[in-house]
Amino acid sequence: MKLTGIALALAFAFATAAQAQMTQTPATKADPAKPRTEQTAPAGAGASERKAKDMEEEKIEAQAKADKAKCDPMKGNAKDICMAEAKGKEKVAKAELDAKYSKDPAKAQKKVSDTKAEATYDVAKQKCDDQKGEAKDACMKQARVERDQAKGKAEKTAEKTERPAAGGTAPAAGTSAPEKPKKSN
């Protein structure tokens, strides 16, 4: 009787373990930590691409956490500068990651350039805080000018890639623009 009970208990334990391994969570079950749009990935290459992007994003976040942890022992404005650098680095890395997987590379690259300009500006603002009076005002003005120049350059680059030169049409994909005839002497 005891032997039968033990055998039955073992069989039940193994059956439960096997059932747990075979049972999968349904794909429609919502994960509250993820937005609705990210919960289901398309099958095949899209799913592996999504996993790769998620892994890269986790690496970026881990690096950002480590960078911010380096700032903890610092004091005053040095800590503020360090944190601005860490946050800027994280934002740029995420923008570059989004650009890598973007369907519109020109728009994504503009966003990367804008993000870099803003990150540089945020760091420059913190560095300007070390100064006083007119020197601080001049420093802040210079930081704004550099940011605006970087954004303007990004805007011009984006415009060039989005539309062809005036008066012409864009060459077909994979071809180059026709050469101008050369003058002979």
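Bear in mind that the values here come from a model prediction, so they are computed numbers and not experimental data.

## Details of the packing of helix α3 (residues 76-100) against helix α4 (residues 105-128)
And step 1. Put simply, α3 and α4 touch, their axes get as near as 9 Å, and they point 180 degrees apart. Classed by the angle they form, the pair α3 and α4 counts as roughly antiparallel. Here Asn77, Asp80, Ile81, Ala84, Glu85, Gly88, Lys91, Val92, Ala95, Glu96, Asp98 and Ala99 of α3 lie close against α4, whose contacting residues are Ala108, Lys111, Val112, Thr115, Lys116, Ala119, Asp122, Val123, Gln126 and Lys127.
And step 2. Classifying every residue of the contact of α3 with α4 by side-chain character gives nine nonpolar, four polar and nine charged.

## Describing α4
And step 1. Counted at 1.5 Å a residue, the expected span for α4 with its 24 residues is 34 Å, and the 34 Å between its end C-alpha atoms agrees.
And step 2. Within α4, burial applies to Ala106, Ala108, Val112, Asp114, Thr115, Ala117, Ala119, Tyr121, Val123, Ala124 and Cys128.

## Points about the packing of aromatic side chains
How two aromatic rings sit relative to each other is set out by the distance from centre to centre and by the angle between their planes.
And step 1. Per the counting criterion, the structure on display carries zero aromatic pairs.
And step 2. Its guanidinium or amino end placed over the ring of tyrosine 121, arginine 147 lies 4.2 Å from that ring's centre, counting from NZ or CZ.

## Description of α3
And step 1. Taking 1.5 Å of rise per residue, 25 residues should cover 36 Å, and α3 covers 37 Å from first to last C-alpha, within 8% of that figure.
And step 2. Within α3 the residues assigned to the buried category are Asn77, Ile81, Cys82, Ala84, Ala86, Gly88, Glu90, Val92, Ala95, Leu97 and Ala99.

## What to know about the confidence of the model for the chain
And step 1. Residues with a pLDDT of 70 or more make up 68% of the chain, whose mean pLDDT is 76.
And step 2. Ranking the elements of the chain by mean pLDDT puts helix α1 (residues 2-22) last with 66 and α3 first with 91.
And step 3. A low-confidence stretch, residues 24-33 (pLDDT under 50), is modelled with four contacts involving residues beyond four sequence positions or located in other chains.
And step 4. In this model, residues 35-42 is a region of pLDDT below 50 whose contacts with residues beyond four sequence positions or in other chains number nine contacts.

## Thoughts on the state of the cysteines
And step 1. On inspection of all chains with the given rule, the structure shows two disulfides.
And step 2. Between cysteine 71 and cysteine 82 runs a disulfide, and the two sulfur atoms are separated by 1.9 Å. The chirality of the disulfide connecting cysteine 71 with cysteine 82 is left-handed, given an S-S dihedral of about -80 degrees. In this pair, cysteine 71 sits in helix α2 (residues 45-71) while cysteine 82 sits in helix α3, placing the two residues eleven residues apart along the sequence.
And step 3. Each sulfur of the disulfide joining cysteine 128 and cysteine 139 lies 1.9 Å from the other.

Rules used in this analysis
Residues take numbers from 1 onward in each chain, read along the sequence in its written order. In keeping with the model being predicted, local features are shown solely for residues with a pLDDT of at least 70 and side-chain atom pairs are shown and tallied solely at 80 or more, while totals for entire chains, interfaces and linings include all residues. Each side-chain value is worked out from all heavy atoms of the structure, with water and hydrogens disregarded. To get an axis, a line is fitted to the C-alpha atoms, and for a helix only the part in contact is used. The angle between two axes follows their N-to-C directions and goes from 0 to 180 degrees. The way it works is that DSSP assigns letters per residue, a run of H or I at least four long becomes a helix, a run of E at least two long becomes a strand, and they are numbered from the N terminus. Any angle that is under 35 degrees is reported as roughly parallel, and any over 145 degrees as roughly antiparallel; angles of 65 to 115 degrees are reported as roughly perpendicular and all others as oblique. Pairs of residues are marked as contacts when any of their non-hydrogen atoms sit within 4.5 Å. Gly counts as polar in this scheme, as do all residues outside two lists: the nonpolar Ala, Val, Leu, Ile, Met, Phe, Trp, Tyr, Cys and Pro, and the charged Asp, Glu, Lys and Arg. Expected helix span is computed as 1.5 Å times (number of residues minus one). Only protein chains enter the calculation, and the probe is 1.4 Å; a residue is then buried if its accessible area is under 20% of its type maximum, exposed if over 50%, and partly exposed in between. A pair of aromatic rings is counted whenever rings of Phe, Tyr or Trp (Trp by its six-membered ring) have centres within 6.5 Å, and the orientation is called stacked for planes under 30 degrees apart, edge-to-face for over 60 and tilted otherwise. Two conditions define a charge located above a ring, namely a distance within 6 Å from the ring centre to NZ of Lys or CZ of Arg, and an angle within 35 degrees of the ring normal. Confidence of the predictor in every single residue is expressed as pLDDT, which spans 0 to 100. We call a pair of cysteine sulfur atoms a disulfide when they lie within 2.5 Å.

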